[in-house]
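Chain residues, written in single-letter form:
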Amino acid sequence: GLEDPIIVLESSPNEFWTFDYDKGDKLPEAYIGPINAKNVEIASFFQEIGSLYDIGVIESGEIKDRKISYVDSKPRLLGDVIDQMSDRVGVFYHYKNHILSFEDEKRFFVRVPRIEGSLDLISSALTELGATSLVVDNITGVISFKADARVYKDAQSFMKKFEFGREMIVYDIWVFERTLN
């Protein structure tokens, strides 16, 4: 019998388009709050939280100059508070061996399917979004770039739209040869 000529190839969403940053180990399962911090330097805020849970804090870049207000009468998980605060002030964090480090910029790697023109299009878009230090590997289809938190979010949003906005057709051609005697 003949096989159905149309086959849908499923690909894992983690194979292409996605990139994230490593936040390290899980933060301690502790509740913090209530919090009433108004117009405080973010570095001081993180240091205060760190001192409560025996966590060292390392900052790099311009983090010390940023201020934030955070008022919450309800206790929240430490990890949720760190996620929210980092997101609001635009920094990346990493937690390992009781050390919480923060930085303004990180290097990311994204694998792009080697469809005609995709690497050029994605690298051009990343540059337009503000990514720096782009390295495009035409052989593996990997693009490496540096981004701050704003560019990181914009790039993730772009990649999701790009991924779901393109259809790819894969042709599987069978050639049969028959010899008559």
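Analysis parameters
- Counting starts from 1 at the beginning of each chain's written sequence and moves along it residue by residue.
- In keeping with the model being predicted, local features are shown solely for residues with a pLDDT of at least 70 and side-chain atom pairs are shown and tallied solely at 80 or more, while totals for entire chains, interfaces and linings include all residues.
- Only heavy atoms go into the side-chain values, all of them from the structure, while hydrogens and water stay out.
- Strands are runs of DSSP state E lasting at least two residues, helices are runs of H or I lasting at least four, and both sets are numbered from the N terminus onward.
- Only protein chains enter the accessibility calculation, which uses a 1.4 Å probe; a residue whose area is less than 20% of its type maximum is buried, one above 50% is exposed, and one in between is partly exposed.
- Polar contact is the term for a pair of N or O atoms within 3.5 Å; when the atoms are in protein, one must be able to donate a hydrogen and the other to accept it, and sequence-neighboring residues count only if both atoms are side-chain atoms.
- Throughout, a residue-residue contact means that at least one pair of heavy atoms, one from each residue, lies within 4.5 Å.
- In this description, strands pair whenever DSSP reports at least two bridges between them.
- The axes used here are C-alpha line fits, helices contributing only the stretch in contact, and every angle between their N-to-C directions lies in the interval 0 to 180 degrees.

Any chance you could explain the side chain of serine 123 here in plain terms?
Mapped onto the fold, serine 123 is located in helix 3 (residues 118-129). A relative accessible area of 12% places serine 123 in the buried class. One polar contact links the side chain of serine 123 to the main-chain carbonyl oxygen of leucine 119, over a distance of 2.9 Å. A polar side-chain atom of serine 123 sits 3.2 Å from the main-chain carbonyl oxygen of aspartate 120. For serine 123, the residues in contact, after removing those within four places along its chain, are Leu134, Val136 and Ile143.

Where do I start with the pairing of strand 9 (residues 132-137) in this structure?
Looking at chain direction, strand 9 and strand 10 (residues 142-148) are connected through four bridges and run antiparallel. Paired with valine 136 across the bridge in strand 10 is isoleucine 143. Following strand 9, the chain reverses through four residues before pairing antiparallel with strand 10; glycine 141 in that reversal takes a positive phi of roughly 80°.

Can you walk me through the environment of valine 112 in this structure?
Its location among the elements puts valine 112 in the loop between strand 8 (105-111) and helix 3. The buried category is assigned to valine 112, whose relative accessible area is 1%. With 10 residues separating them in the primary sequence, valine 112 and isoleucine 122 have C-alpha atoms 8.1 Å apart.

Help me out: how do you make sense of the sheet that holds strand 8 in this one?
Paired through backbone hydrogen bonds, the strands of a sheet run either parallel or antiparallel to each other. A sheet is described by the order of its strands in space; here three strands give the open sequence 8-10-9, paired in antiparallel fashion. Each edge of the open sheet carries a strand with a single partner, namely strand 8 and strand 9. Going from strand to strand, the sheet's axes swing by 20° on average, the running direction of each strand aside. Summarising the sheet, strand 8 and strand 10 pair through seven bridges and their orientation is antiparallel. By the bridge assignment for strand 10, glutamate 105 is matched with aspartate 148.

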